[in-house]
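For reference, the chains in residue letters:
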Amino acid sequence: MNRHNAPDATVFKARGLTKVYRMGEVQVHALRGVDLDLYSGELVVLLGPSGSGKSTLLNILGGLDTPTDGQVFYGGLDLVRAREADLTRFRRRFVGFVFQFYNLIPSLTARENVAIVTEISDDPMTPEEALSLVNLQDRLDHFPSQLSGGEQQRVAIARAVAKRPAVLLCDEPTGALDSTTGIKVLEVLERINRELGTTTVVITHNAGIAAMADRVIHLSDGRIGQIIKNQTKAAPRELSW
Amino acid sequence: MRALHRKLLRELWQMRGQALAIAVVIAGGVATLVMSLSCLESLRLTRDAFYQEHRFSDVFASLKRAPESLREAVAEIPGVRHVETRIAAGANLDIPGYDDPATALLLSLPDGRNADLNRLYLRQGRLPEAGRDREIVVNEAFADAHGFAPGDRLAAVINGRRQELEIVGVALSPEHIYQIKPGDLFPDFERYAILWINRSQLAHAFDMDGAFNDLVLALSRETRAADILDRLDALLAPYGGLKAVDRSDQISHRYLSLELDQLAVMAQVFPTIFLGVAAFLLNVVFSRLISTQREQIAVLKAFGYANREVGLHYVQLVLLITFLGVALGMAGGVWFGQRMAELYRDFFRFPFLEYVLSTRVILIGCAVSTGAGLLGTIAAVRRAVRLPPAEAMRPEPPPTFRPTVLERFGLQALFSQPTRMILRNIERRPVKSLLSALGIAMACGILMVGRFQESAIDYMLAVQFGLSQRDDLTVTFTEPTSHRVVHDLQALEGVYLVEPFRSAAVELRHAHRTFRTALQGVGAGGDLHRILDADLNVLALPEEGVALTDYLAEMLGISPGDLLEVDVLEGRRQLVRVPVAGLIKEYMGVSAYMEMEALSRLLGEGQAASGALLAIDAGYREEILRKLKDSPRVAGITDRNTAIANFMDSMADTVLIFAFFSTILAGSIAFGVIYNNARIALAERSRELASLRVLGFSRGEIGYILLGEMALITVAALPIGFLIGRGLTAYLVKGMESDLYRIPLIIEPGVFAFSTVVVLVSSLISGLIVARRLGRLDLVEVLKTKE
Ligand SMILES: Nc1ncnc2c1ncn2[C@@H]1O[C@H](COP(=O)(O)OP(=O)(O)OP(=O)(O)O)[C@@H](O)[C@H]1O
Ligand SMILES: [Mg+2]
């Protein structure tokens, strides 16, 4: 498995993915048979109404969760059969996550929040590099409680990209941000996708964001509705929010 | 430093108040452990060093009279390294300015020099010089009790002749660390002395020139005393030898061992309890910490930290807190241990104290507390390890609230909104509320354990000396005497009642177990020494058979109806079998009782009394004592108040010293637990309370919501604490049982009151600290950050 695959090589391959949550008597079908291929270096936007299974799908792709049924491969790695330790190694080497609620560690500064990830990576950027990538070079020693929401999300992105991951999985990265800040965050994601060739998946509720994607995947009620391939990608600045 | 370690240290600093409180609890446990183990080890070491340096003998024998030439024969028994013959005799003392009767054990010293075995340790003065026949050395406890120093004089009636003696030295002896008069339960330093005197003078007084009546042996290292005893007994039998004993039956050694064993039990029980509480507390704190950090844990895992690394992270936090506690506890334990050992050194009158803190004790302290720390947190850490990252990423579902029981019954109108919030909160999280209550309850429980002994001992005395032994004076005769003496005593002015008793030294046997004690003959229908059954009702002794103290029956493994073998160690020295007629309740000593006439029949003698119990008019006490003292038949007099005082000064002291130190440590633990509970409550609720402030609740109201909940839980915890305390007390009481005495499981109201007060005061202080913090709550800060 190379860190950076050749263009158009399949990175993720999912077949017949289902996920059922049991909550006592009731069963919640979060995914009902998802077939999906993601290609190296592409930027995919995942759209869908609330509860349609977006986060569930992303978590399974990122090796945080396993499906109830179906198959997922990351290159040659079978994420369904993989043991706990293999999944941990997979996440450590290949995946960067950005979460909707930032999930920074409150007791660590911006720099340290990035360092906690770079310390266990093979060929990372320095935390300072990663933070200047998101324009936070002058907030290095601020604690999360001393940063705005947008700044916290940018720290989270720096943390996700600092290890130069092969895939970047973002769950509503702009969900809690205003349009100006949101666009700044998207610009960072776009630049990283472009400059580092990182395969990027962005979940959003905001259909406007779809314009910056290579492909837009619509999810509804646990199934893939349609997949739209954008002929031209818009720059984040041009997005209608 | 790695970022993960930074996180560790910052979070530790952030929770420093709590961490310190937990550390204090751990420190309390470690301190108790180190204190008791090091004290115990030091005392054993000191005793052994004293034994060795002053050549404590291995075998002890007494006999009527044997020629000095027998010594050679004894020395030839294989394994005997050294033989020392002595003369031992009793004497009545006449102490200037002291009216109570006092007796002494006279022991010979080789003329003009120290003994070879059981060598004296001189505290003051010197040994008697050869040829000076009035010079004596006295034991230190007796000298202290009367303020004697070298140069002081006293008189003794030795073999019927009164002699003036001069104290030239004050000494300690490895043979008499525990200075107790044979037959007594407790030492009486004022009325019982040990006097060392030149052998030729004692020989002269008792017509023992070229003879001896007491013998001590030192054995070679590899020899076991048990192998020697029979051969020695055979050699001494023709000379009126009583059974020889080894160290395990030597009074001083045996009692000292019993006390040290008791200390060892407490050294086990208290730290176990304290560390258990610490583990419990760590469990509560870490469960909470890990549930508030579940999202952080998820992030770490999402970015590729292995489960093991996450687990290790929290284990490190546990270890840091534990080590802080261990360090504090070690320091405290050494300090307390040294103080306690010094108290015991003075109490046991060791000439010196070798305080040691062995690596063994340090290792045990570290291992046990680390073990407790890890055991207490393993469940929480395991939860962190097992937490599926996707799961943890979802914010915790909002808690489900239901109307409280009160509200469902339509009683809500009785309560204000804040009060209803308190009730709902408690009902919403019953497990958490229960855990908090349990923590406080444990604090309450351990306070009771440290505290109960004093009042239990009072109760024990009340039963022993109020219900059972009700005489004012116990008079013992020099030898069994006819009952006519009773009439002489009755005739004394101020004597209300006289009841004779007979007491015989026996060895009791059942199966393979043996025990030496006194078989007591008590007159039927007597009022001054009543035998009590398990319910403390007066028991009439049966006409035949023997009644045993329940503890003795247990030791011998015998029950009513079984046949008991009784080896009478005096008079005609016969071996008889007697049925066990019943069991009796006694908290002190282990005696066997028979109806007095039945005992006389058993001993094959007519009516004879070993002594008599007297009830007297307190106004005549001095006069009666003076008359008794002049009577040649009277060997000794014990009065009840002195017996009680002696008990308190001796056994009770060792227990109470320990209880005192333990109570201090228990208090610090209790405070730690309660303070922690309050801090946890504050941390868990500050967000919610800040929101309430924003919504317009006043400081007073949110303070009431938080502190009201704590108060309610504290009050609910007290009864649980009483139950826990009772359980722990029962455990301790069971462990401390010995043939000297058994502390009854009686918890006086004062004990409950004491622990309640400590718990309430701790709660009050914790509440005030929390209230202060609540007042300074930064609303913006709290609401901005997620936990
Ligand atoms: N741990 C869980 N237990 C039970 N049900 C769950 C769990 N996680 C997700 N679900 C359910 O699965 C369905 C899909 O959830 P998912 O989080 O994937 O939705 P989503 O598309 O990300 O929604 P949103 O846009 O609101 O984040 C939902 O109905 C949700 O309630
Ligand atoms: Mg989602």
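Residues numbered from 1 in each chain as written. Chains lettered and ligands numbered in written order. Predicted model: local features only at pLDDT ≥ 70, side-chain atom pairs only at ≥ 80, totals over all residues. Heavy atoms only, no water.

Draft legend 1. Region of the structure containing the overall build of chain A. Per the secondary structure count, chain A includes 6 helices and 10 strands. Taking 241 residues into account, the globule formula puts the C-alpha radius of gyration at 18 Å, and chain A, at 17 Å, falls close to it. Across its three principal axes, chain A shows a C-alpha extent of roughly 50 × 45 × 40 Å. In chain A, which comprises 241 residues, the proportion classed as buried is 54%. (Helix = DSSP H or I, 4+ residues; strand = E, 2+ residues; numbered from the N terminus. Rg over C-alpha atoms; globule rule 2.2 N^0.38 Å. Buried < 20%, exposed > 50% of the residue type's maximum accessible area, 1.4 Å probe, protein only.)

Draft legend 2. Molecular detail of the sheet that holds strand 2 (residues 80-86) of chain B. Residues and elements named next belong to chain B. With respect to topology, 4 strands assemble into an open sheet ordered 2-10-1-11, the strand pairing being antiparallel. The open sheet has two edge strands, strand 2 and strand 11 (245-246), and neither has a second partner. Pairing of strand 2 with strand 10 (residues 211-219), which is carried by 6 bridges, proceeds in the antiparallel orientation. Directly across from E84, in strand 10, lies its bridge partner V216. (Pairing = 2+ DSSP bridges.)

Draft legend 3. Expanded view of unusual backbone geometry. All names here are of chain A. With a phi close to 60°, N135 is a non-glycine residue in the positive phi region. Here N135 lies in the loop between helix 4 (127-133) and helix 5 (149-161). Exposure remark for N135: the relative accessible area of 49% places this residue in the partly exposed category. Despite not being glycine, D221 has its phi angle at roughly 50°, a positive value. Structurally, D221 can be placed in the loop between strand 9 (215-220) and strand 10 (223-229).

Draft legend 4. Spotlight on a positive patch on the surface. Residues and elements named next belong to chain B. Taken together, the side chains of R16, R772, R773 and R776 define a basic patch exposed on the protein surface. With respect to the helices and strands, the residue R776 is situated in the loop between helix 21 (749-775) and helix 22 (779-784). Judged by relative accessible area, which is 54%, R776 ranks as exposed. (Patch = residues over 30% accessible without salt bridge, like charges linked within 9 Å, V, L, I, M, F, W, Y side chains within 5 Å. Areas by Shrake-Rupley, 256 points an atom, 1.4 Å probe, with all protein chains shown as cover. Salt bridge = Lys/Arg side-chain N within 4 Å of Asp/Glu carboxyl O. Lys, Arg positive; Asp, Glu negative; His and termini not counted. Charge placed at Lys NZ, Arg CZ, Asp CG, Glu CD.)

Draft legend 5. Quick look at the interface of chain A and chain B. In this complex, chain A contributes 28 residues to the contact, which on the side of chain B involves 26 residues. Across the chain A/chain B interface, buried area totals approximately 2400 Å², and carbon plus sulfur atoms make up 61% of it. Scanning the region where chain A abuts chain B turns up 4 salt bridges. Its salt-bridge partner being R10 of chain B, residue E112 of chain A comes within 2.5 Å of it at the nearest N-O pair. Counting the contacts that link chain A with chain B gives 9 residue pairs in polar contact (both at pLDDT 80 or more). Per-class residue counts for the side of chain A that touches chain B are 13 nonpolar, 7 polar and 8 charged. (Contact = heavy atoms within 4.5 Å. Buried area = accessible area lost by both parts, 1.4 Å probe. Polar contact = N/O pair within 3.5 Å; in protein donor to acceptor, adjacent residues only side chain to side chain. Nonpolar A, V, L, I, M, F, W, Y, C, P; charged D, E, K, R; others polar.)

Draft legend 6. Spotlight on the pattern of salt bridges. All names here are of chain B. Following the criterion strictly, the structure yields 57 salt bridges over all chains and no others. With its nearest N and O atoms 3.1 Å apart, the salt bridge here joins R113 to D116. R113 gets classed as partly exposed once you look at its relative accessible area, which sits at 42%. In this structure, R509 engages E565 in a salt bridge whose closest nitrogen and oxygen atoms are separated by 3.9 Å. Of the two residues, R509 sits in strand 13 (residues 495-510) while E565 sits in strand 18 (residues 563-568), which places them 56 residues apart along the sequence. Counted as one network, the salt bridges with shared partners bring together R123, E140, D144 and R349.

Draft legend 7. Region of interest: helix 15 (residues 484-491) of chain B. Residue and element names in this part refer to chain B. Every buried residue of helix 15 is listed here: V485, V486 and L489. End-on view of helix 15: buried residues confined to an arc of 105°, all on one side of the axis. Turned more than 90 degrees away from the buried face of helix 15, the exposed residues are R484, H487 and A491. Elements that come into contact with the buried residues of helix 15 comprise strand 12 (473-481), strand 13, strand 21 (609-616) and helix 18 (621-630). (Arc of directions from axis to C-beta.)

Draft legend 8. Seen up close, the pairing of strand 7 (residues 153-158) of chain B. All names here are of chain B. Here strand 3 (residues 88-94) runs beside strand 7; their pairing, made up of 3 bridges, is antiparallel. Its bridge partner lying in strand 7, L93 is registered against A156. For strand 7 and strand 8 (residues 161-172), the ladder comprises 6 bridges, and the chain directions are antiparallel. Paired with R153 across the two strands is E166, which belongs to strand 8. Linking strand 7 to strand 8, which pair antiparallel, is a turn of 2 residues; within it N159 sits at a positive phi near 50°.

Draft legend 9. Seen up close, the packing of helix 7 (residues 251-292) of chain B against helix 14 (residues 430-468) of chain B. All names here are of chain B. Across the interface, helix 7 lies against helix 14 with an axial gap of 10 Å and an inter-helix angle of 165°. It follows from the interaxial angle that helix 7 and helix 14 lie roughly antiparallel. As helix 7 packs across helix 14, the resulting crossing turns out to be left-handed. Here M266, F270, I273, F274, V277 and F280 of helix 7 lie close against helix 14, whose contacting residues are L435, L438, G439, M442, I446, V449, G450 and Q453. Here the contact of helix 7 with helix 14 is composed, by residue class, of 11 nonpolar, 3 polar and no charged. (Axes fitted to C-alpha atoms, helices over the stretch in contact; angles between N-to-C directions. Parallel < 35°, antiparallel > 145°, perpendicular 65-115°, else oblique. Left-handed = near helix turned anticlockwise from the far one by under 90°.)

Draft legend 10. Up close: empty space enclosed by the protein. Residue and element names in this part refer to chain B. Under the definition given, this model contains 1 cavity of 30 Å³ or more. Reported here for the largest cavity is a volume of approximately 70 Å³. The wall of the largest cavity is formed by I177, Y178, Q179, P187, F189, F347, F348 and S650. Partitioning the lining of the largest cavity into residue classes produces 6 nonpolar, 2 polar and no charged. (1 Å grid on protein atoms, 1.4 Å probe; cavity = no way out; pocket = protein on both sides within 12 Å on 5 of 7 lines; lining within 4 Å. Points joined across faces, edges and corners; volume = space filled by probe spheres on them.)

Draft legend 11. Spotlight on the site of ligand 1. Within the structure, ligand 1 sits among 16 residues, and S50, G51, K54, S55 and T56 of chain A are positioned closest to it. Surrounding ligand 1 is a set of residues that belongs to chains A and B. At 3.0 Å, a backbone N or O of G53 of chain A approaches an oxygen atom of ligand 1. Take E172 of chain A: an N or O atom from its side chain is 3.4 Å from an oxygen atom of ligand 1. For ligand 1, whose unbound accessible area comes to 620 Å², protein coverage reaches 77%. Elements represented by at least two residues in the shell around ligand 1 include exactly strand 1 (10-23), strand 2 (26-39) and helix 1 (54-61) of chain A. Top contributing element to the shell around ligand 1 by residue count: helix 1 of chain A, with 3 residues. (Near = heavy atom within 4 Å.)

Draft legend 12. Main features of helix 8 (residues 294-302) of chain B. Residue and element names in this part refer to chain B. For helix 8, the buried fraction is high: 9 of the 9 residues fall into the buried class. Within helix 8, the full set of buried residues consists of R294, E295, Q296, I297, A298, V299, L300, K301 and A302. Positive backbone phi, approximately 100°, marks G304, located one or two places after helix 8.

Draft legend 13. Fine view of the nonpolar core. Residues and elements named next belong to chain B. Counting 208 residues, the largest nonpolar core has Y344 and F348 as its most contacted members. Broken down by element, this core gets its largest block of residues, 24 residues, from helix 7. Among residues more than four places away in sequence, those in contact with Y344 are C39, L43, L263, R349, T654, I657 and F658. Residues L93, L106, L165 and I167 belong to the second largest nonpolar core, which totals 27 residues. (Core = buried A, V, L, I, M, F, W, Y, C linked by side-chain atoms within 4.5 Å.)

Draft legend 14. How the structure looks around the packing of aromatic side chains. All names here are of chain B. What the rule picks out here adds up to 18 aromatic pairs over all chains. Ring geometry for F348 and F350: centres 5.9 Å apart, planes at 55°, overall tilted. Under the relative-accessibility criterion, F348 is labelled buried at 2%. When the ring of F671 is compared with that of Y675, the centres are 6.0 Å apart and the planes differ by 10°; the resulting orientation is stacked. Here F671 and its partner Y675 are both found in helix 19 (residues 640-694), 4 residues apart, which amounts to about one turn of the helix. For F671, a relative accessible area of 28% corresponds to the partly exposed category. Its relative accessible area of 11% is what places Y675 among the buried residues. (Phe/Tyr/Trp six-rings, centres within 6.5 Å; stacked < 30°, edge-to-face > 60°.)

Draft legend 15. Spatial organisation of the environment of I251 of chain B. With respect to the helices and strands, the residue I251 of chain B is situated in helix 7. When sequence neighbours within four positions are dropped, the list of residues in contact with I251 of chain B reads I180 and P182 of chain B.

Draft legend 16. Fine view of the domain arrangement of chain B. All names here are of chain B. With domains assigned, chain B is organised as domain 1 (57-254), domain 2 (429-469 + 640-787) and domain 3 (495-616). Each of domain 2 and domain 3 has a C-alpha centre, and these two points are 45 Å apart. Taken together, the contact pairs 18 residues of domain 2 with 15 residues of domain 3. Both faces considered, domain 2 and domain 3 share a buried interface measuring about 1400 Å² in area, 56% of it formed by carbon and sulfur atoms. One can count 5 residue pairs in polar contact (both at pLDDT 80 or more) joining domain 2 with domain 3. If one sorts the elements of the side of domain 2 that touches domain 3 by residue count, helix 14 sits on top with 8 residues. By residue class, the composition of the side of domain 2 that touches domain 3 is 10 nonpolar, 4 polar and 4 charged. (Domains from an automatic or database assignment.)

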